[in-house]
Amino acid sequence: DTPTDAPTDAPTDAPTDAPTDAPTDAPTDAPTDAPTDAPTDAPTDAPTDTPTDAPTDTPTDAPTDTPTDAPTDAPTDAPTDAPTDAPTDAPTDVPTDVPTDAPTDAPTDVPTDAPTDAPTDAPTDAPTDAPTDVPTDAPTDTPTDAPTDVPTEEPTETATPPPAPLPDEPELALLFADTFESGDVSAWTLGAGWSPAEIDSNGVLVVTDSSEPLSLNQDALSDVVVEGRFQSTSGTLELSARNSNAGRYTVTIVDGLITLFRAGSAYDDAKIAPLPAGEWVTVRLSVINDIIRVAINGNEVIAVRDDAPLPPGTLTFAAAFSSSDTTGNTLALDDVLVWGPATTDETPVEVTPPDEIEPTPTETPEVTATPESETVAQAGGPARPDLVSPANKSATNDNTPDLTWNAVPDAVEYDIEIATDKKFNTIVQSTSQAGTTYTATTLADGEYFWRVRGKDSGGIPGAWSKAWRFTIDTTPPAVPVPISPAHGGQMEGRKAQFRWEKDKDVALYELQLNTVDPPDTSPPIPILISGRKNKVTVEGLLSRTYHWRVRAIDAAGNVSAWSGTWSVDIVNSSKDTVIAHRFTTTTPTVSWGEVSWATEYEVQVSESRKFKNVEQSHSVPGGTLSVMLDPLSNRFWYWRVRARQADGTWGKWSSPAQFAVDFTAP
């Protein structure tokens, strides 16, 4: 057995009793790969009595067949742990299989008396750096092809930080407003097809069968927010900002798909519930620096950054019609508002590019600690939640509002913060919960900011959501003051315009009109009309005394008290026709002639001959030829009917028929 602990230092004097007979058979296979670390200086005295083909360095893998005769004089400085497989006898036969790879670590101390016979085929390259100590445990299996390049450091994966939230829209000043009531369109350049008009007695701009733009006559704007209301049954509004030769930002709405275009190419989009045809829709486009935002009916649906923002340009409106008909397509525009920076300079400010600013050696930049509420989320936290309600920049009269957001994967809990400032330096409520709706504890009237973030099962937080703003307002608006018709006055004809003092903080007015006092007495059913403007024209009035009053509703939903009740006598003009159909009940029954192929009939009731607003709609089976209407107020009405075929196709509407509900005596 070979000793387990081989000597670490080779003997300086070779054993005196060495085997007298050198092996006659030299190894047939010499090492093909020279040691990489061989001494540069070969021995000056070549051995005379050594095998002709023996390597100068002892292989680290000892031969399995060991010599039977071991040297009698062992070194005095032997290791305590000798190798277990060391030869005890000098070899008579040299093994034929020699390791192909010579050991890289050879002893530096070689015998001073070398054998007299040197090998004829010695390695040409001797190791330059030989180890001083022979390894005690030699590997049994040495790889023949070792990798030349070994990586010293394992690659590490770095988590990509979440994108920084977009900054809030800055405070802006109102630059322009047009409700089109005066009919003066000098502030606009009207493209083909655009003209002033009235809808429900409200002034608007209307475009018919044209896609030509409507342009605001104003200098090119860079930072701008524009908002407008549009109404169409067969098309949509295209609202554009920064319109120049370099392109423009345009927002369109098609079947609930909101698309933001940049220089003619789709840049971002969002999906909402399809908007009912014929309803008024408010569109808002904000372009501030490199951030573009789009809101529909007060809800922000797109917020994106443009790394190469377009230059300043003009504002334009245009119509895009989806109807296959080539005529009769219309779009109405109303209540256009334009905001811009609160202050402007006549001379543009030149900004030095960052790479051209020379730092001042004497100034030391101030280091400010990041507030705890603004710390970056740890890698691996849940995704950023999307806030749902209350809508951003909305108002409510509920001082314990429900805050709602969308759930995100891997979040088991959410942190909620409410603050009085957008940097969340003054937090008034902070909590954590598992659900996605938080009911705030009582908040005082004022403006608030809120945000949410998710945390995973390990407690690692994700990024904060965007901060949204809402206002608590529990104070009702002032009671409106009636202006005209004068109380106790008289008007000729079948229509009258009612006006009252305007309050800029009011979002909606309600007018109540009836032939009895107070106007809310039922029966008869009062006329109730809502609108944003401080006047409304009512048609189809009977020759009676009408009593009316108005109240205001603000953006938070607070409702004022009713104004005092005023009265006006409506008298027939010489042009008024005789009432052909008069009902003294508020629920009249209308009837029609049969159509043989009808499987269903539809009946509509409206105050307008063109059925701009449908007051009632009823459906009855094909064998039914009459229907009792729901309660109606004292005034003139129009109704019409149509039939459906078995394949689902509707026939044409009948001609509108007029009738009057006249519950009160003249």
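Along each chain, the written sequence defines residue order, and numbers are assigned to residues from 1. Per-residue local features are limited, in this predicted model, to residues with pLDDT of at least 70; the limit for side-chain atom pairs, both in listing and counting, is 80 or more; totals at the level of whole chains, interfaces and linings are taken over all residues. Computation of side-chain values: all heavy atoms of the structure, hydrogens and water removed.

Engineer: Honestly, the overall build of the chain in this entry has me stumped. Any pointers?
Structural biologist: Broken down by element type, the chain carries zero helices and 38 strands. Partly exposed residues are those whose accessible area sits between 20% and 50% of the maximum for their type, while under 20% is buried and over 50% is exposed, using a 1.4 Å probe and protein chains only. Burial status across the chain gives 36% buried among its 666 residues. A contact between two residues is defined here by any heavy atoms of the two lying within 4.5 Å. Counting contacts in the chain only where the partners sit at least 6 residues apart, residues at least 24 apart contribute 70% of the total. Numbering of helices and strands runs from the N terminus; a helix is a DSSP stretch of H or I covering at least four residues, while a strand is a stretch of E covering at least two.

Engineer: Honestly, the pairing of strand β15 (residues 330-341) in this entry has me stumped. Any pointers?
Structural biologist: For β15, the tally of buried residues reaches nine of 12 residues, placing the bulk of the element in the interior. When DSSP finds two or more bridges between two strands, those strands count as paired. Two elements, strand β1 (residues 172-178) and β15, share six bridges in a ladder whose sense is antiparallel. Paired with L172 across the strands is P341, a residue of β15. In this structure, strand β4 (residues 202-208) lies alongside β15, joined through four bridges in antiparallel fashion. Paired with V207 across the strands is L331, a residue of β15.

Engineer: Honestly, the confidence of the model for the chain in this entry has me stumped. Any pointers?
Structural biologist: The predicted coordinates should not be examined in detail at positions where pLDDT is low. Across the chain, each position has a pLDDT score giving the predictor's confidence in that residue, from 0 to 100. Residues of the chain with pLDDT of at least 70 account for 68%, and the chain-wide mean is 75. Across residues 1-136, confidence stays below pLDDT 50; counting only partners more than four residues off in sequence or on other chains, it has 176 contacts. pLDDT under 50 marks residues 343-379. Its contacts with residues more than four places away, or in other chains, come to 17 contacts.

Engineer: Can you walk me through the nonpolar core in this structure?
Structural biologist: Nonpolar side chains tend to gather and get buried jointly when the protein is soluble and globular. Of all hydrophobic cores here, the largest spans 39 residues; its most connected members are W188, L285, F317 and V338. Among all residues touching F317, those that are not within four sequence positions of it are W188, W194, E212, P213, L214, V226, L237, E238, L239, L333 and V336. To define a nonpolar core, start from buried Ala, Val, Leu, Ile, Met, Phe, Trp, Tyr and Cys residues and group those joined through side-chain atoms within 4.5 Å. The next biggest cluster of nonpolar side chains, apart from the first, holds 21 residues, and it includes A496, W500, L513 and L541.

Engineer: So what exactly am I meant to see when it comes to the packing of aromatic side chains here?
Structural biologist: Two numbers describe a pair of aromatic rings. These are the distance of the centres and the angle of the planes. When two rings of Phe, Tyr or Trp (its six-membered ring) have centres within 6.5 Å they constitute a pair, described as stacked for plane angles under 30 degrees, edge-to-face for angles over 60, and tilted for the intermediate range. Scanning the entire structure with this criterion turns up 11 aromatic pairs. An angle of 65° between the planes, with centres 5.8 Å apart, marks the rings of W188 and F317 as edge-to-face. Placement of the pair is W188 in strand β2 (residues 188-190) and F317 in strand β14 (residues 314-321), with a sequence separation of 129 residues. One exposure class covers both W188 and F317, and it is buried. Ring pairs connect the aromatic residues F176, F180, W188 and F317, which therefore count as one cluster. The ring of W280 carries R229 above its face, with NZ or CZ at 4.6 Å from the centroid. Above the plane of the ring of W339 lies R284, whose end atom (NZ or CZ) is 4.9 Å from the centre. Only when the NZ atom of a Lys or the CZ atom of an Arg is both within 6 Å of the ring centre and within 35 degrees of the ring normal do we say a charge sits over the ring.

Engineer: Please clarify how the pattern of salt bridges should be interpreted in this entry.
Structural biologist: For side chains bearing opposite charge, pairing can occur when the charged atoms are close. The salt bridge definition used is simple: a Lys or Arg side-chain nitrogen within 4 Å of an Asp or Glu carboxyl oxygen. As enumerated under the stated definition, the model contains 22 salt bridges in all. Across the pair K455 and E413 runs a salt bridge, and its minimum N-O distance is 3.4 Å. Here the residue K455 occupies a position in strand β22 (residues 446-455), and E413 occupies one in strand β19 (residues 413-419), the gap between them amounting to 42 residues. Judged by its relative accessible area of 18%, K455 is buried. Accessibility expressed as a relative area gives 30% for E413, which makes it partly exposed. Through salt bridges with shared partners, one network takes in R229, D334, D335, R532 and K533.

Engineer: Whenever I open this one, the sheet that holds strand β29 (residues 535-538) confuses me. Can you help?
Structural biologist: Strand pairing in a sheet relies on backbone hydrogen bonds, with the paired strands running either antiparallel or parallel. The sheet built from three strands is open, its strands ordered β24-β26-β29 with antiparallel pairing. The sheet is open, and its two edges are formed by β24 (482-484) and β29, each paired on a single side. The average undirected angle you get between the axes of adjacent strands in this sheet is 25°. The pairing of strand β26 (residues 496-500) with β29 spans four bridges and is antiparallel. Residue pairing for β29: F498 is matched across the bridge by V536. Note on geometry: axes are C-alpha line fits, over the in-contact stretch for helices, and angles between N-to-C directions span 0 to 180 degrees.

Engineer: I keep staring at the sheet that holds strand β16 (residues 387-389) and nothing clicks. Help me out?
Structural biologist: As summarised here, the arrangement of the three strands in space is β16-β18-β21, forming an open sheet in which the pairing is antiparallel. The open sheet has two edge strands with one neighbour each: β16 and β21 (437-439). Each strand of the sheet is rotated relative to its neighbour by a mean of 25°, with strand direction disregarded. Two elements, strand β18 (residues 402-405) and β21, share three bridges in a ladder whose sense is antiparallel. If you follow L403 over to β21, its bridge partner there is Y438.

Engineer: Teacher, can you tell me more about unusual backbone geometry here?
Structural biologist: Note: most residues except glycine have negative phi, and most peptide bonds are trans. Of note, the amide linkage connecting S389 to P390 takes the cis form, showing an omega dihedral of 0°. Here P390 lies in the loop between β16 and β17 (394-396). Backbone torsion omega between S484 and P485 reads 0°, so that peptide bond is classified as cis. Within the secondary structure, P485 sits in the loop between β24 and β25 (489-492). Phi at R242 takes a positive value of approximately 50°, unusual for a residue other than glycine. Within the secondary structure layout, R242 lies in strand β7 (residues 235-244). Although it is not a glycine, F424 adopts a positive phi angle of roughly 60°.

Engineer: Whenever I open this one, the environment of A220 confuses me. Can you help?
Structural biologist: Along the chain, A220 turns up in the loop between β5 (214-216) and β6 (224-231). In sequence terms A220 and P312 are 92 residues apart; their C-alpha atoms lie 5.5 Å from each other. Contacts of A220, omitting those with residues within four sequence positions, involve P312 and G313.

Engineer: What is the right way to read the environment of V224 from this model?
Structural biologist: Within the secondary structure layout, V224 lies in strand β6. You can call V224 buried: its relative accessible area is 1%. As for V224 and G313, which are separated by 89 residues in sequence, their C-alpha atoms are 9.9 Å apart. Among residues more than four places away in sequence, those in contact with V224 are A241, L285, S286, V287, I288, L315, V338 and W339.

Engineer: When you look at the pairing of β18 in this model, what are you seeing that I'm missing?
Structural biologist: Bridge analysis of β16 against β18 gives two bridges, and the strand direction is antiparallel. Following the sheet pairing, S389 is matched in β18 by T404.

Engineer: How do you make sense of the side chain of R640 when you look at a structure like this?
Structural biologist: By the element assignment, R640 lies in strand β37 (residues 635-644). Among buried charged residues, R640 stands out as having no salt bridge; its nearest opposite-charge side chain is E602, 7.7 Å away. Between N or O atoms, a polar contact is any pair within 3.5 Å; within protein, one atom must be a potential hydrogen donor and the other a potential acceptor, and residues adjacent in sequence are included only when both atoms are from side chains. Here Q604 takes part through its side chain, which lies 2.9 Å from a polar atom of the side chain of R640. Discounting chain neighbours no more than four positions away, the residues touching R640 are E602, V603, Q604, F611, W653 and S654. By the counting scheme adopted, Arg and Lys are positive, Glu and Asp are negative, and His together with the chain ends is not counted.

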